[in-house]
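Spelled out from the first residue to the last, the chains are:
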Amino acid sequence: MNGIHDLGGMHGMGAVITEPDEPPFHHEWERRAFSLFASLFVGGYFNVDMFRHAIERMNPAHYLEESYYEHWMHAFETLLLEKGVITREELAGKVAAVPASAETPVLRSDMVQAVVNTGASARVNAEVSARFRVGDQVRAKNLNPVGHTRLPRYARGKIGTIEIDHGVFVTPDTVAHGLGEHPQHVYSVRFAATELWGADAPPKDTVRIDLWDDYLEAL
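Before going into details, it helps to say that this report is about the structure given with it.

Cut-offs used in this document
- Residues numbered from 1 in each chain as written.
- Predicted model: local features only at pLDDT ≥ 70, side-chain atom pairs only at ≥ 80, totals over all residues.
- Heavy atoms only, no water.
- Helix = DSSP H or I, 4+ residues; strand = E, 2+ residues; numbered from the N terminus.
- Buried < 20%, exposed > 50% of the residue type's maximum accessible area, 1.4 Å probe, protein only.
- Contact = heavy atoms within 4.5 Å.
- Areas by Shrake-Rupley, 256 points an atom, 1.4 Å probe, with all protein chains shown as cover.
- Pairing = 2+ DSSP bridges.
- Axes fitted to C-alpha atoms, helices over the stretch in contact; angles between N-to-C directions.
- Patch = residues over 30% accessible without salt bridge, like charges linked within 9 Å, V, L, I, M, F, W, Y side chains within 5 Å.
- Salt bridge = Lys/Arg side-chain N within 4 Å of Asp/Glu carboxyl O.
- Phe/Tyr/Trp six-rings, centres within 6.5 Å; stacked < 30°, edge-to-face > 60°.

Some points on the overall build of the protein
Working step 1: The secondary structure content of the protein amounts to eight helices and five strands.
Working step 2: The order of α-helices and β-strands along the protein, N terminus first, is α-α-α-α-α-α-β-β-α-β-α-β-β.
Working step 3: On the principal axes, the C-alpha backbone points of the protein span a range of 60 × 45 × 35 Å.
Working step 4: The 219 residues of the protein split such that 32% are buried.
Working step 5: Long-range contacts, defined here as pairs at least 24 residues apart, represent 65% of the contacts in the protein between residues at least 6 apart.
Working step 6: Surface summary for the protein: the accessible area is close to 13,500 Å², and the carbon and sulfur share equals 53%.

See the structure below:
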């Protein structure tokens, strides 16, 4: 979506600070937040694009101030409240939580490794024609959606070349809003760094972005 949440390609954010021997988690609550994603995903409470869109709806100031796993917690709370899974009173600890029904899918210990390592593929077995072929030059559309999209702002209106046709996948822009899978081809598109950021970018550098059919137009 448009907004501070789309940080890709932006200047002025300062140097990337690295931490020697950085641990996977700095606090125990972060470890628990990580496990919550897999548990809630398997429970069917949201898909990955609903999760991303929930983060994108954070107050911009809070988004910049809060840590990575605080973003996750915001998304969990937002989605579970919107779907009626929990109430604000339960979230605030004012009333006892109502247990999930016995029919709710749960993350079993034998499922953890596969879910954490591979997640769930968005690839679908649908007969959909590809609009482009490897080698085609394309332009990323200049779209400015209100909702979720995987077309980064820095690539809009820029010209690139189709490198790979990955096959058919669900469309993030629709599944994030519960509007169906809308299956279409996804391509790896190669952009020159100078095309994306101008003459000051390293002239030999390229960036490859996975983009859906709906994001692209022929030249």
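Re the sheet that holds strand S5 (residues 216-218)
Working step 1: Here five strands make up an open sheet; going across it, the order is S4-S3-S2-S1-S5 and the pairing antiparallel. The open sheet terminates on both sides in strands that have one partner only, identified here as strand S4 (206-212) and S5. Between one strand axis and the next, the sheet turns through 45° on average, direction left out of account.
Working step 2: As paired strands, strand S1 (residues 137-140) and S5 are joined by three bridges and run antiparallel to one another. Directly across from Ala140, in S5, lies its bridge partner Leu216.

Things to note about a nonpolar patch on the surface
Working step 1: Residues Leu7, Met10, Met13 and Leu64 make up a contiguous nonpolar surface patch of about 330 Å² in total accessible area.
Working step 2: Its place among the elements puts Met10 in the segment before helix H1 (28-42).
Working step 3: Residue Met10 is classed as partly exposed on the basis of its relative accessible area, which comes to 32%.

Side note on the packing of aromatic side chains
Working step 1: Applying the stated rule across the entire model yields 18 aromatic pairs.
Working step 2: Measuring from ring centre to ring centre gives 5.0 Å for Tyr69 and Trp72, while their planes differ by 70°; the resulting arrangement is edge-to-face. With Tyr69 and Trp72 both in helix H4 (residues 68-82) and three residues apart, the pair spans about one turn of that helix. Of the two residues, Tyr69 and Trp72, neither departs from the other in class, the shared state being buried.
Working step 3: An aromatic cluster is present here, built from Phe25, Phe34, Phe37, Phe41, Phe46, Phe51, Tyr68, Tyr69, Trp72 and Phe76 joined pairwise through their rings.

Notes on unusual backbone geometry
Working step 1: Positioned with a positive phi, Asp21 is a non-glycine residue whose angle comes to about 55°.
Working step 2: With respect to the helices, strands and loops of the structure, Asp21 is situated in the segment before H1.
Working step 3: In this structure Asp21 comes out as exposed when scored by relative accessible area, which is 78%.
Working step 4: The phi angle at His182 is positive, at roughly 45°, despite the residue not being glycine.
Working step 5: Counting through the fold element by element, His182 comes out in the loop between helix H7 (172-175) and strand S3 (184-192).
Working step 6: Residue classification places His182 among the partly exposed positions, given a relative accessible area of 40%.

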